[in-house]
Amino acid sequence: MLDGNNISVVVPGGSTPRYFFELLAKASIDWKKITLVLSDERMVPINHQSSNYGMIRNIFHQGLNGSQHPKILPEMEKFKTGYVDSFLQKTNAMMNNIADVSHAFLGIGADGHTASLFGKIEDLTDKCNSPYFLANNSNETFSRLSLSLAFLQKIPQLTFLVSGNTKQKALESIIYSKNPLFQSSAFFLINNFNGRLKILCDKKACPNTNND
C-alpha cells in the first residue's frame, strides 16, 4: 500500500464510518506515513459530539501507540472559536505541503449530499479551487469546512461508503438518474468523475434492482 512513501487519503465524517475507522486502526500499516484528510469538519471543539476529528483521533489513540498515530487534517486541536477565516487559510496552506491525495472515501447523506456540499450544484461548482471552503447547514449553529467539488474531482480514486435504509432513496436516485435529488453533490460528482469509482453499500442502503 505504501511502498515506503507518504500518502494522503480523504476520509468521511459523521457517525456512519465509525466501524470503518475502527477497522483501519487495527490494520498493520505504518500510520506515521499517512495523512487522513477529512472530507468535512464541523467548526466545534474536538470534545464536541459533532467533531469528526475528535471521533477519529479517539479511535486511533485507543488502537495505536503514540508514535504510530496518523496526521489528521484539518488540525482541529489548533482551532480557536472566532478565528474561522484564518484557520481556513492555514489549513489550505497545509494541504499544499502533504502528499498528493491518492484516494477519497466519502459518504452520502439522505438528501444526496457528500462532504458538506449542500445546496444548488451551480453554486457549488462556482466555489474557489482551494481544497477547503467554508460551508453552512441551515439546521446548525456552527460553520463547517468542506473539501470542494473541484478538489474532489482531481483525486484518482473515489469510494463511496453508504449504509442504512435512510440512504437507499438517495442512492437509487443517483444510480438510476430518473429523478436525481436536486442535482445533489454526490450525483454530480459520480456522474462527472473521470477516475476510478466504487460505491460500497450495505443491504439496507442497496438500491432496488427492480427499478424500471
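Above this note sits the structure.
So, here is what we can say about the structure in this document. (Residues numbered from 1 in each chain as written. Predicted model: local features only at pLDDT ≥ 70, side-chain atom pairs only at ≥ 80, totals over all residues. Heavy atoms only, no water.)

1. Brief notes about unusual backbone geometry
Test applied: The numbering of helices and of strands both runs from the N terminus, where a helix is a DSSP run of H or I of at least 4 residues and a strand a run of E of at least 2.
Going from leucine 73 to proline 74, the amide bond is cis rather than trans, its omega being -5°. Residue position: proline 74 is located in the loop between strand E4 (71-73) and helix H3 (84-95).

2. Considering the sheet that holds strand E9 (residues 196-201)
Selection criterion: Strands were regarded as paired on the criterion that DSSP finds at least two bridges between them. Only the stretch in contact is used when fitting a helix axis, every axis being a line fitted to C-alpha atoms; angles between N-to-C directions are given from 0 to 180 degrees.
Strand order in the open sheet formed by six strands is E4-E2-E1-E5-E8-E9, with parallel pairing between adjacent strands. For this open sheet the edge positions go to E4 and E9, each flanked by a neighbour on one side alone. Here the strands of the sheet are splayed against their neighbours by 20° on average, with no regard to which way each runs.

3. Quick notes on the sheet that holds strand E6 (residues 132-136)
With antiparallel pairing, the three strands of this open sheet are ordered in space as E3-E7-E6. The sheet terminates laterally at strand E3 (40-42) and E6, the two strands that pair on one side only. Neighbour to neighbour, the strand axes of the sheet diverge by 25° on average, direction disregarded. Where E3 meets strand E7 (residues 143-147), three bridges bridge the pair, whose relative direction is antiparallel. Looking at E7, one finds that arginine 42 is bridged to arginine 144.

4. A word on the pairing of E7
Convention followed: Accessible area is worked out with a 1.4 Å probe on protein chains only. A residue is then buried under 20% of its type maximum, exposed over 50%, and partly exposed in between.
The buried fraction of E7 amounts to four of the five residues, a majority that puts the element mostly inside the structure. The pairing of E6 with E7 spans five bridges and is classified as antiparallel. The residue of E7 that forms the bridge with leucine 134 is leucine 145. In sequence, E6 turns back onto E7 through a hairpin of six residues.

5. A short note on the side chain of glutamate 41
Test applied: When charges are tallied, Lys and Arg are placed among the positive residues and Asp and Glu among the negative ones, while His and the ends of the chain are skipped. The working definition used for a salt bridge is a side-chain nitrogen of Lys or Arg within 4 Å of a carboxyl oxygen of Asp or Glu. Counted as a polar contact is a pair of N or O atoms within 3.5 Å, where, for protein atoms, one must be capable of donating a hydrogen and the other of accepting one, and residues adjacent in sequence contribute only when both atoms are in side chains. By definition, residues are in contact when any of their heavy atoms lie within 4.5 Å.
With respect to the helices and strands, the residue glutamate 41 is situated in strand E3. The side chain of glutamate 41 is buried and forms no salt bridge, while arginine 42, the nearest opposite charge, is found at 5.1 Å. A distance of 3.0 Å separates a polar atom in the side chain of glutamate 41 from the backbone nitrogen of asparagine 52. Looking at glutamate 41, its side chain comes within polar contact range of the main-chain nitrogen of tyrosine 53, at 2.7 Å. What glutamate 41 contacts, discounting residues up to four positions off in sequence, is Ser50, Ser51, Asn52, Tyr53, Met76, Ser143, Arg144 and Leu145.

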